[in-house]
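Now for the letters of each chain:
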Amino acid sequence: MAAGFRRSQALSRVAPSETIAITQKARDLKAAGRDIIELSAGQPDFDTPDNIKVAASRAIDRGMTKYPPVAGIPELREAICRKFERENGLVYKPGQTIVSTGGKQVIANALMATLDVGDEIVVPVPGWVSYEQVAAYCGAKTIPLSCHEADGYKLRPQALEAAIGPRTRWFVFNTPCNPSGASYSYDELKALTDVLVRHPLIWVLTDDMYEHLLYDGRAFFTPAQVEPQLLERTLTMNGVSKAYAMTGWRIGYGAGPEPLIRAMELLQMQTTSGASTIAQWAAMEALDGPQDIVAARRDVFQQRRDLVVRMLNQAPLLTCPRPEGAFYVFPSCAQAIGKKAPSGRLIETDQDFALELLDAEGVAVVHGGAFGAGPAIRISYAASQGALEEGCARIQRFCAMIC
Ligand code: PLP
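If you're wondering where the values come from, they're calculated on a predicted model, not measured in any experiment. (Residues numbered from 1 in each chain as written. Predicted model: local features only at pLDDT ≥ 70, side-chain atom pairs only at ≥ 80, totals over all residues. Heavy atoms only, no water.)

Before going further, it helps to spend a moment on the overall build of the chain. Counting its regular elements, the chain contains 14 helices and twelve strands. Here the C-alpha coordinates of the chain stretch approximately 60 × 60 × 55 Å along the principal axes. Here the chain holds 403 residues, and 54% of them are scored as buried. Of the contacts made within the chain by residues no fewer than 6 positions apart, 74% connect residues no fewer than 24 positions apart. Accessible surface for the chain amounts to roughly 17000 Å². Of this, 54% is attributable to carbon and sulfur atoms. Between the centroid of the 41 positive side chains of the chain and the centroid of its 44 negative side chains there is a distance of 3 Å. (Helix = DSSP H or I, 4+ residues; strand = E, 2+ residues; numbered from the N terminus. Buried < 20%, exposed > 50% of the residue type's maximum accessible area, 1.4 Å probe, protein only. Contact = heavy atoms within 4.5 Å. Areas by Shrake-Rupley, 256 points an atom, 1.4 Å probe, with all protein chains shown as cover. Lys, Arg positive; Asp, Glu negative; His and termini not counted. Charge placed at Lys NZ, Arg CZ, Asp CG, Glu CD.)

Structure (structure tokens):
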């Protein structure tokens, strides 16, 4: 039927997102009538705030429905500069910013615009899934930097120093981290940026997507703020998806040195062009409008985190550290490995654990292996309190039946 079809060699190196795969499986089971609690997807259950929706409708009414400039509408690029200065103490000019279709495209643009076959990127693990796959598309290799539960899954400066080699092009950093929730104090981040200062050819891609989801009064820091010497080789990436519950609007942005931004713009020009004009006006309202809802929602996420950590630590065989940020917990299921699931099947890996849990109790979570670490599972608490209570109760029941 598909005679003559073959994937390019570049695409053959890319694996699909396991997070999206399990979320889709959960949706299919739900559509088939099963009672499923979906704790796999990384998206807030909250609605986009009203002021942002109104800004989008106004943009439509004003006829703002034409192609935007490739790198973003000037008004949003200026709002991005204001955001970086106000919240991060970083001064950028609008020409040093780019708006893309989600944070994901900012990252893809940056890596695809700069990586060649044989290059390397160094990435802390557990870490978000897409960096490695985009690098693989480019023929570049990802060097994982192991982070350990005993260190709160924070990267040690010595591990960063040891991984850097002659082919290293990027250090990709994400705080608060998806999936571990690890975040860095000023001093912890300074210890990492001190290493980077000693390696002047390495660029820094910092994924600050969860900036506003930090708990217990912790302050957020980003590398170029802590070490201004890095400004000339750092891409600071962020977006509206998580903080403003705008996952479906598909707006992310980045700021960095102009040669990099221009290279990203060229790639975007010849692939997707500018991001949705309407969504850009909405994102401008998100950045410039009232911010109190962000803090209010962060407090709700903190309560949910506490609930989930407490309930999971009551489950036999799981140990759940208390994450500092983002909206995920990453409990270890090491004690369940080698034991039998309620189905009688052997749990050999954390993927088996996740699949058996979905099968037995209808709770969808993502296995740690998908993030390069484990045995563990990632549970998203960007879900209602009722869903979290029920989901955790089912996980407790499932674990109690493992023998
Ligand atoms: N970076 C991290 C760490 C994420 O978890 C995600 C989404 O899950 C993204 C980037 C992508 O964000 P967006 O939905 O804006 O493309």
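There's plenty left to go through after this.
Now for the sheet that holds strand β12 (residues 377-380). The strand order β9-β12-β11 describes an open sheet built from three strands, whose pairing is antiparallel. Since the sheet does not close on itself, it has two edges, and those belong to β9 (328-329) and β11 (366-367), each with one partner. As paired strands, β9 and β12 are joined by two bridges and run antiparallel to one another. Within β12, the position partnered with Tyr 328 by the bridge is Ser 380. (Pairing = 2+ DSSP bridges.)

To continue, consider the sheet that holds strand β2 (residues 97-100). Taken in spatial order, the seven strands of this open sheet run β2-β8-β7-β6-β5-β3-β4, and their pairing is mixed. Of all the strands in the sheet, the pair left with one neighbour each is β2 and β4 (141-146). Within this sheet the neighbouring strands show an average axis-to-axis angle of 20 degrees, counted without direction. In this structure, strand β3 (residues 120-125) lies alongside β4, joined through six bridges in parallel fashion. (Axes fitted to C-alpha atoms, helices over the stretch in contact; angles between N-to-C directions.)

Going through the model one piece at a time under the given rule, you end up with 15 aromatic pairs. Between the aromatic rings of Tyr 153 and Phe 330, the centroid separation amounts to 5.6 Å while the plane-to-plane angle is 80 degrees, which identifies the pairing as edge-to-face. You can see Tyr 153 sitting in the loop between β4 and α7 (157-163) and its partner Phe 330 sitting in the loop between β9 and α13 (350-361), a full 177 residues away along the chain. Note on accessibility: Tyr 153 and Phe 330 belong to one class, buried. Their ring planes at 55 degrees and their centres at 5.0 Å tell us that Phe 173 and Tyr 184 sit as a pair that is tilted. Here the residue Phe 173 occupies a position in strand β5 (residues 168-174), and Tyr 184 occupies one in the loop between β5 and α8 (186-197), the gap between them amounting to eleven residues. For Phe 173, a relative accessible area of 1% gives the class buried. Residue class for Tyr 184 comes out buried when judged on its relative accessible area of 6%. (Phe/Tyr/Trp six-rings, centres within 6.5 Å; stacked < 30°, edge-to-face > 60°.)

Among the 13 residues in the neighbourhood of the ligand, the closest are listed as Asn 178, Asp 207, Tyr 210, Ser 241 and Lys 242. Interatomic distance of 2.8 Å between a backbone N/O atom of Gly 103 and an oxygen atom of the ligand. Considered on its own, the ligand offers 400 Å² of accessible surface; in the complex 91% of this is hidden by protein. For the shell around the ligand, the leading source of residues is helix α5 (residues 102-114), giving three residues. Residues of the shell around the ligand, tallied by class, amount to four nonpolar, five polar and four charged. (Near = heavy atom within 4 Å. Polar contact = N/O pair within 3.5 Å; in protein donor to acceptor, adjacent residues only side chain to side chain. Nonpolar A, V, L, I, M, F, W, Y, C, P; charged D, E, K, R; others polar.)

We now examine the pattern of salt bridges. A side chain with one charge may pair with a side chain of the opposite charge, provided their charged atoms come close. The tally for this structure, following the rule as stated, stands at 27 salt bridges. Here Arg 156 and Asp 151 are joined by a salt bridge, their closest N and O atoms 2.9 Å apart. The partner of Arg 218 in a salt bridge is Asp 216, and the shortest N-O contact between them spans 3.2 Å. Here Arg 218 falls in the partly exposed class, since its relative accessible area comes to 34%. Under the relative-accessibility criterion, Asp 216 is labelled partly exposed at 42%. Among the ionic contacts, a cluster of salt bridges with common partners joins Lys 154, Glu 188, Asp 216, Arg 218, Arg 305, Asp 306, Arg 322 and Glu 324. (Salt bridge = Lys/Arg side-chain N within 4 Å of Asp/Glu carboxyl O.)

With that settled, the discussion passes to the nonpolar core. One recurring pattern in soluble globular proteins: nonpolar side chains tend to sit buried together. Core analysis: the biggest nonpolar cluster contains 63 residues, and Trp 170, Leu 205, Leu 235, Leu 312, Phe 327 and Phe 353 have the highest contact counts within it. Broken down by element, this core gets its largest block of residues, six residues, from helix α12 (residues 292-313). Counting the residues that make up this core, at least three belong to each of domain 1 (14-43 + 293-400) and domain 2 (50-288). Counting residues in each nonpolar core, the second largest holds 29 residues, with Ile 80, Ala 243, Ala 282 and Leu 287 among its members. (Core = buried A, V, L, I, M, F, W, Y, C linked by side-chain atoms within 4.5 Å. Domains from an automatic or database assignment.)

Moving on to the packing of helix α4 (residues 74-88) against helix α11 (residues 277-288). Relative to each other, α4 and α11 sit at 25 degrees, their axes nearing to 9 Å. The angle between the axes of α4 and α11 places the two elements in the roughly parallel class. Considering the relative orientation of α4 and α11, their crossing is left-handed. On α11, the residues that touch Glu 75, Leu 76, Ala 79, Ile 80, Arg 82, Lys 83 and Arg 86 of α4 are Gln 280, Trp 281, Ala 283, Met 284, Leu 287 and Asp 288. (Parallel < 35°, antiparallel > 145°, perpendicular 65-115°, else oblique. Left-handed = near helix turned anticlockwise from the far one by under 90°.)

Quick look at the side chain of Arg 77 now. You can see Arg 77 is positioned in helix α4. Of the side chains bearing the opposite charge, Glu 265 lies closest to the buried Arg 77, which forms no salt bridge; the N-O distance is 5.1 Å. For Arg 77, the contacting residues outside a window of four places in its chain are Ala 71, Gly 72, Pro 94, Gly 95, Thr 97 and Val 99.

To continue, consider the domain arrangement of the chain. Entries for the chain in the domain assignment read domain 1 (14-43 + 293-400) and domain 2 (50-288). The straight-line distance from the C-alpha centre of domain 1 to that of domain 2 is 26 Å. Residue-level contacts link 29 residues of domain 1 with 30 residues of domain 2. In this assembly, domain 1 packs against domain 2 so that about 2500 Å² is buried in total across both faces, 58% of it on carbon and sulfur atoms. It is Val 294, Glu 324 and Phe 371 that lose the most area in domain 1 upon contact with domain 2, and together they represent 26% of the buried surface on that side. Our count for the domain 1 to domain 2 interface comes out at three salt bridges. Where Arg 218 meets Glu 324, a salt bridge forms, and the shortest distance between an N and an O atom there is 3.5 Å. Elements that contribute at least two residues to the side of domain 1 that touches domain 2 include exactly α12 and β9. Top contributing element to the side of domain 1 that touches domain 2 by residue count: α12, with six residues. In terms of residue class, the side of domain 1 that touches domain 2 is built from 16 nonpolar, eight polar and five charged. (Buried area = accessible area lost by both parts, 1.4 Å probe.)

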